[in-house]
Amino acid sequence: MKHLLGIWLFVWTFGSIAQDYAIAKIPEQLTDGVNAVYRKDVGHFKILALDKAEYTYTLAVTLLNERAEDEAFITVGYDNLRSVANLEIRLYDSKGKQIRKVKNGEIHDRAANSGSFMEDSRFKWVEVAHNQYPYTIEYTYTIKYKYLYSIPNWFFQQVGDISVENSSFTLEYPEDVGARYLELNFEGDKSETSEKGIKRLTWTMSNLPPFDKEPYGPSLSDIMPNIRTAVAKFSYEGYDGDL
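Residues numbered from 1 in each chain as written. Predicted model: local features only at pLDDT ≥ 70, side-chain atom pairs only at ≥ 80, totals over all residues. Heavy atoms only, no water.

## A few points about the overall build of the protein
Part 1 of the reasoning: The helix and strand inventory of the protein stands at two helices and 16 strands.
Part 2 of the reasoning: In the protein, the proportion of contacts linking residues at least 24 apart, taken out of those at least 6 apart, comes to 71%.
Part 3 of the reasoning: Total accessible area computed for the protein in this model is approximately 14,300 Å², and 50% of it derives from carbon and sulfur atoms. (Helix = DSSP H or I, 4+ residues; strand = E, 2+ residues; numbered from the N terminus. Contact = heavy atoms within 4.5 Å. Areas by Shrake-Rupley, 256 points an atom, 1.4 Å probe, with all protein chains shown as cover.)

## Looking at the sheet that holds strand β13 (residues 198-208)
Part 1 of the reasoning: Here eight strands make up an open sheet; going across it, the order is β5-β4-β8-β2-β1-β10-β13-β12 and the pairing mixed. Both edges of this open sheet fall to β5 (98-101) and β12 (189-195), since each of them pairs with a single strand only. Across the sheet, the axes of successive neighbouring strands diverge by a mean angle of 10 degrees, strand direction being ignored. (Pairing = 2+ DSSP bridges. Axes fitted to C-alpha atoms, helices over the stretch in contact; angles between N-to-C directions.)

## Some points on the packing of aromatic side chains
Part 1 of the reasoning: In total, this model carries 18 aromatic pairs according to the counting rule given.
Part 2 of the reasoning: The interplanar angle of 55 degrees and the centroid separation of 5.8 Å between the aromatic rings of Y149 and Y236 together place this pair among those described as tilted. Of this pair, Y149 sits in the loop between β8 (135-145) and β9 (154-155) while Y236 sits in strand β15 (residues 233-236); the two residues are 87 residues apart in sequence, bridging distant segments of the chain. (Phe/Tyr/Trp six-rings, centres within 6.5 Å; stacked < 30°, edge-to-face > 60°.)

## Quick word on the sheet that holds β9
Part 1 of the reasoning: Taken together, three strands build an open sheet; the order of strands is β9-β14-β11 and the sheet is antiparallel. The open sheet has two free edges, formed respectively by β9 and β11 (179-184), since each of these has just one partner strand.
Part 2 of the reasoning: In the sheet, β11 pairs with strand β14 (residues 226-231) via six bridges, with the strands oriented antiparallel. Bridge assignment links Y181 to a residue of β14, and that residue is T229.

## A few points about the side chain of T136
Part 1 of the reasoning: Here T136 is to be found in strand β8.
Part 2 of the reasoning: Judged by relative accessible area, which is 0%, T136 ranks as buried.
Part 3 of the reasoning: If near-sequence neighbours (up to four positions away) are discounted, T136 is found in contact with Y21, R39, A60, V61, T62, R90, L91 and Y92. (Buried < 20%, exposed > 50% of the residue type's maximum accessible area, 1.4 Å probe, protein only.)

## As for the nonpolar core
Part 1 of the reasoning: In this structure, F45, I89 and I137 are the most contacted members of the largest nonpolar core, which totals 50 residues.
Part 2 of the reasoning: Of all the elements in the fold, those that place two or more residues in this core are β1 (36-49), β2 (52-63), β3 (73-78), β4 (82-92), β8, β10 (162-174), β13 and β14.
Part 3 of the reasoning: Beyond its immediate chain neighbours, meaning those up to four positions away, I137 contacts L59, A60, V61, L63, E71, A72, I74, I89, R90, L91 and V128.
Part 4 of the reasoning: If you look at the next biggest cluster of nonpolar residues, it comprises six residues, including L30, V34, V37 and L64. (Core = buried A, V, L, I, M, F, W, Y, C linked by side-chain atoms within 4.5 Å.)

## Thoughts on the pairing of strand β7 (residues 122-127)
Part 1 of the reasoning: Pairing of β3 with β7, which is carried by six bridges, proceeds in the antiparallel orientation. Within the sheet, the bridge partner assigned to G77 lies in β7 and is F123.
Part 2 of the reasoning: Inspection of the sheet shows strand β6 (residues 108-111) paired to β7 by four bridges, in the antiparallel sense. Residue pairing for β7: D109 is matched across the bridge by K124.

## Describing the environment of Y145
Part 1 of the reasoning: Relative to the helices and strands, Y145 is located in strand β8.
Part 2 of the reasoning: With a relative accessible area of 13%, Y145 lands in the buried category.
Part 3 of the reasoning: Discounting chain neighbours no more than four positions away, the residues touching Y145 are F45, D51, K52, A53, E54, Y55, L81 and R82.

## Topic: the environment of K146
Part 1 of the reasoning: With respect to the helices and strands, K146 occurs in the loop between β8 and β9.
Part 2 of the reasoning: Residues in contact with K146, not counting those within four places in the same chain, are D51, N80 and L81.

## Let's talk about the confidence of the model for the protein
Part 1 of the reasoning: Model confidence for the protein is summarised by a mean pLDDT of 89, while 90% of its residues fall at 70 or above.
Part 2 of the reasoning: This model gives residues 1-17 a pLDDT under 50, and the stretch forms zero contacts once residues within four places in sequence are excluded. (pLDDT = per-residue confidence, 0-100.)

## Here's the deal with unusual backbone geometry
Part 1 of the reasoning: Here the residue pair Y133 and P134 is connected by a cis peptide bond, since its omega of -10 degrees sits within 30 degrees of zero.
Part 2 of the reasoning: For E237, which is not glycine, the phi dihedral falls at a positive 50 degrees.
Part 3 of the reasoning: A residue is classified by how much of its surface remains accessible, and E237, at 53% relative accessible area, is exposed.

## Examining the pairing of β14
Part 1 of the reasoning: In terms of strand pairing, β9 meets β14 through two bridges, oriented antiparallel. Each residue of the ladder has a partner; that of F155, found in β14, is N226.

## Some remarks on the side chain of T142
Part 1 of the reasoning: As for its position among the elements, T142 is in strand β8.
Part 2 of the reasoning: A polar side-chain atom of T142 sits 2.9 Å from a polar atom in the side chain of T56. (Polar contact = N/O pair within 3.5 Å; in protein donor to acceptor, adjacent residues only side chain to side chain.)

Given below as C-alpha cells:
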C-alpha cells in the first residue's frame, strides 16, 4: 500500500509541474500568419536588499517553421557585477514530448567585445536548432546583481511574426527599499500582495497577436502594453542614493 501511495504521489507531483507544449494546445488564432508562438514568457525581478537583486527569466517558444530559426539562438549577457545562474534549456517535439536537455558543455562563453575597454562584459550562447518543425524550446536562467540601479521594463506583446500565448511579469521588493512602476496600455490581470514587509505585484496577459508596427509611427513603449519600472533607491559600487 505504501509503495502504491508513493507511486501515486510521484505521478501526481510530476503531472502538476509538467509543461504541455503540444502544438495542438495553441489557440488557432495565434498560429495564423506567424512563424513562432511564445507559449510562456515570464519575468520575475526580485529586490533582495539595497545592493542586491535577482532576475529570473523563462521563455518557451514554439518554432512553427524555419523562418523562426533566430529563436533557436540563445544569448545571456553578464559582467563582473552580474552573474548568470541556473541556465537550463530543453527541447520538445510537436506533441510536447521532451526531446532532450542541452548539456552545459554545449553552452559557449565569450567576451562581448574582445580587445576593447569592455572586456569585463561577456555572454553565454548556444544554438539549439532542431531539424523537424514545429518544435518548442524552453529555457530559463537567473541573473544575480551585485547592485541595484535599474529594473527591466516588460513588454507583453511582440512585433512582427510572433504571437504570445501567456506573458507575465512579477516585481517583488522590500517595502522599505521600494520600487516604482507605470502601467501603459495594460488590459490584463494584476495581483498584489504584501506580507512581512515584502510587496509582490504580478501582471499577466494572454492570447496576444503580433503587434503591427506602422512605419514612422509612435514609440512602441507608448502604444504597446508594457510595464515601465524604476528603483526608488539605488546602490552602485558603494554609492547609495534616492531617485
